[in-house]
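Summary of structural features
Each chain, letter by letter, is given below.
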Amino acid sequence: LEQLSGLFASPCTILEIGTGTGQHAVHFARNLPHVTWQPSDHPHNYRTCMPWLEEADLANLNVPIPLDVTEPQWPIPCAVHGVFSANTAHIMSWPAVQRMFQGVAALLPEGSLFCLYGPFQYQGQHTSASNANFDQHLRARDPAMGIRDLTDVQNVARECGLELDQDIAMPANNRLTVWRRLG
């Protein structure tokens, strides 16, 4: 919240990719009343957040939408000024991560931000032993999952017209990477 309040300081609509239970959506919408929050998740899971959203009953928190990031066209019902996603890149397959960046770049206007939160590797190295263990756990569960190397992500982002604007250290060996849509 501390970081997002500075990044999304003006009135805007933010698409959240991978809303999950809705706890982030509710927390951010409650504390950023000038931001309209558009939750989304995979078509099989997008209603999972409804209990949190209904209990919060916030005017700036939209009804969740089904979003499969691998689809070529995203059914976004409103203009979006930024995108936020937490803990998704390491549970998606690498092709899905690539499609997510392509979809975000196609959606965002010039100068807008894509904030991606989670663990990353740097030059093939984990930032902590716990991240290395987590990566092993993910890959044992599904070989398509795993903590992504920021260099690989940067290469995909650059091809899509997104530039790394900030790389912010966060608690528990996570990062908030902030990508800006170039013109």
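Predicted model only: the values in this text are computed from it and were never measured.

A few words on the overall build of the protein. Helices and strands together make up the secondary structure of the protein, namely 6 helices and 7 strands. Taken from the N to the C terminus, the helices and strands of the protein come in the order α-β-α-β-α-β-β-α-β-α-α-β-β. Taken over C-alpha atoms, the radius of gyration comes to 16 Å for the protein, in line with the 16 Å a tight globule of 183 residues would show. Expressed as lengths along the three principal axes of its C-alpha atoms, the size of the protein is roughly 45 × 35 × 35 Å. When burial is assessed residue by residue, the protein has 47% of its 183 residues classed as buried.

What follows covers the pattern of salt bridges. The tally for this structure, following the rule as stated, stands at 3 salt bridges. Between Arg-139 and Asp-135 there is a salt bridge whose closest N-O contact spans 3.0 Å. Placement of the pair is Arg-139 and Asp-135 together in helix α5 (residues 129-141), with a separation of 4 residues, close to one helical turn. When the shortest N-O distance is used, the salt bridge between Arg-180 and Asp-165 registers 3.4 Å. With Arg-180 in strand β7 (residues 174-181) and Asp-165 in strand β6 (residues 162-170), the pair connects residues that are 15 residues apart, well separated along the chain. Judged by its relative accessible area of 31%, Arg-180 falls in the partly exposed class.

Turning our eyes to something else, we now look at the packing of aromatic side chains. What the rule picks out here adds up to 5 aromatic pairs. Geometrically, the ring pair formed by Phe-28 and Trp-37 is tilted, given 5.3 Å between the ring centres and 50° between the ring planes. The exposure classification of Phe-28 matches that of Trp-37, with both residues buried. When the ring of Phe-28 is compared with that of Phe-84, the centres are 5.3 Å apart and the planes differ by 85°; the resulting orientation is edge-to-face. With Phe-28 in helix α2 (residues 23-31) and Phe-84 in strand β4 (residues 82-86), the pair connects residues that are 56 residues apart, well separated along the chain. Residue classification places Phe-28 among the buried residues on the basis of a relative accessible area of 6%. Through pairs of rings, three or more aromatic residues link up here, namely Phe-28, Trp-37 and Phe-84.

What counts and what doesn't
Residues numbered from 1 in each chain as written. Predicted model: local features only at pLDDT ≥ 70, side-chain atom pairs only at ≥ 80, totals over all residues. Heavy atoms only, no water. Helix = DSSP H or I, 4+ residues; strand = E, 2+ residues; numbered from the N terminus. Rg over C-alpha atoms; globule rule 2.2 N^0.38 Å. Buried < 20%, exposed > 50% of the residue type's maximum accessible area, 1.4 Å probe, protein only. Salt bridge = Lys/Arg side-chain N within 4 Å of Asp/Glu carboxyl O. Phe/Tyr/Trp six-rings, centres within 6.5 Å; stacked < 30°, edge-to-face > 60°.

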